[in-house]
Amino acid sequence: MRPEEGQVLHFSEDPTITVFEPHVAATSKHAEAYVWAVDHERAPDYWFPRKCPRAMAWAQPSTTEADRLGIIGDEQRVHAVEYGWLEAMRTVELYAYRLSAADFEPFGDYCHVCTRTVRPLGPPERVGDLFALHASAGIQLRVLPNLWPFWDRVTISSLAFSGIRLANGCPRGQADPVFQSETGCIRST
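Residues numbered from 1 in each chain as written. Predicted model: local features only at pLDDT ≥ 70, side-chain atom pairs only at ≥ 80, totals over all residues. Heavy atoms only, no water.

Caption draft 1: A look at the environment of V154. Along the chain, the position of V154 falls in helix α4 (residues 148–155). The contacts of V154, once residues within four sequence positions are left out, are M56, A57, I71 and F161. (Helix = DSSP H or I, 4+ residues; strand = E, 2+ residues; numbered from the N terminus. Contact = heavy atoms within 4.5 Å.)

Caption draft 2: Region of the structure containing the sheet that holds strand β4 (residues 77–82). One open sheet accounts for four strands, arranged β9-β4-β3-β10; its pairing is mixed. Because the sheet does not close on itself, it has two edges, and the strands there are β9 (140–144) and β10 (160–164). On average, each strand axis in the sheet is tilted by 20 degrees relative to the strand beside it, whichever way the strands run. Strand direction decides the pairing type here: strand β3 (residues 54–58) and β10, joined by five bridges, are antiparallel. For M56, the partnering residue across the bridge sits in β10 and is S162. Docked against the sheet, helix α1 (residues 65–72) engages β3, β4 and β9, running at close to 55 degrees with respect to β9. (Pairing = 2+ DSSP bridges. Axes fitted to C-alpha atoms, helices over the stretch in contact; angles between N-to-C directions.)

Caption draft 3: Representation of the side chain of R68 within the structure. Positionally, R68 belongs in helix α1. By relative accessible area, R68 is classed as buried at 13%. Residues in contact with R68, not counting those within four places in the same chain, are A59, T63, G73, D74, E75, Q76 and L159. (Buried < 20%, exposed > 50% of the residue type's maximum accessible area, 1.4 Å probe, protein only.)

Caption draft 4: Broad picture of the sheet that holds strand β5 (residues 95–100). Strands sit in the order β1-β5-β8 across an open sheet of three strands; the sheet is antiparallel. Strands at the two margins of the open sheet, each flanked by one partner only, are β1 (7–12) and β8 (125–126). The sheet contact formed by β5 and β8 spans two bridges and is antiparallel. Counterpart to A96 in the pairing with β8 is E125.

Caption draft 5: Seen up close, α4. Buried within α4 we find W148, F150, W151 and V154. For α4, the arc enclosing every buried residue in end-on projection is 155 degrees, short of the 170-degree limit, so these residues lie on one face. Buried residues along α4 sit against β3, α1, β4, β9 and β10. (Arc of directions from axis to C-beta.)

Caption draft 6: Structural view of the nonpolar core. Residues F11, W36, W47, V127 and L130 are the most contacted members of the largest nonpolar core, which totals 28 residues. Residue assignment for this core shows that the elements contributing at least two residues are β1, β3, α2 (86–91), β7 (111–114), α3 (130–136) and β10. Setting aside its immediate chain neighbours within four residues, V127 contacts M1, F11, L94, Y95, A96 and L133. Ranked by size, the runner-up nonpolar core spans 14 residues in total, among them A57, I71, I72 and A80. (Core = buried A, V, L, I, M, F, W, Y, C linked by side-chain atoms within 4.5 Å.)

Caption draft 7: How the structure looks around the packing of aromatic side chains. For the structure on display, the rule yields five aromatic pairs. Pairing W36 with F107 gives two aromatic rings, centres 5.4 Å apart and planes at 80 degrees, and the pair type is edge-to-face. Of this pair, W36 sits in strand β2 (residues 35–37) while F107 sits in strand β6 (residues 105–107), and the two are 71 residues apart along the sequence. F107 shares its class with W36; the two are buried. An aromatic cluster is defined as three or more aromatic residues linked by ring pairs; in this entry it consists of Y34, W36 and F107. (Phe/Tyr/Trp six-rings, centres within 6.5 Å; stacked < 30°, edge-to-face > 60°.)

Below you can see the structure in the form of structure tokens.
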């Protein structure tokens, strides 16, 4: 599930959106109102339930072989989630909206934005099985009790990385095995 040439995608759990209005996202550090979308390269960052915390890393030209092999192994890209989010990943109904890339401009190296109302190019498309999507794209999907040790290792490496909704994950430094649910971390028994 990636955009075709001349397109960007917006992922949502809402299949009823007919118009995208610029808004200030609740998690945004920017005061400007935007419609947000992603390109082909960054679409996999959103193959998750909206609130799901995830840490992602991938090889880039400056990545050392030691970092690639030591952190992501033989793959070129790895995504990590916490155990408590597996059921949500299995059952979420996620949709992709195709939008004209001509309406958007790059914003940093991770997304595209538009400052005016945008209409989808067609009806939303059901994304489908998120595990199968990762597998078919050759993206390793790691399941961890806590994202922070992985995140800390990735952010000091030569890999490219992105973290989304990390605040929704288990607390940093949690000593006991924990599992994350949408209502918070719970201890395993």
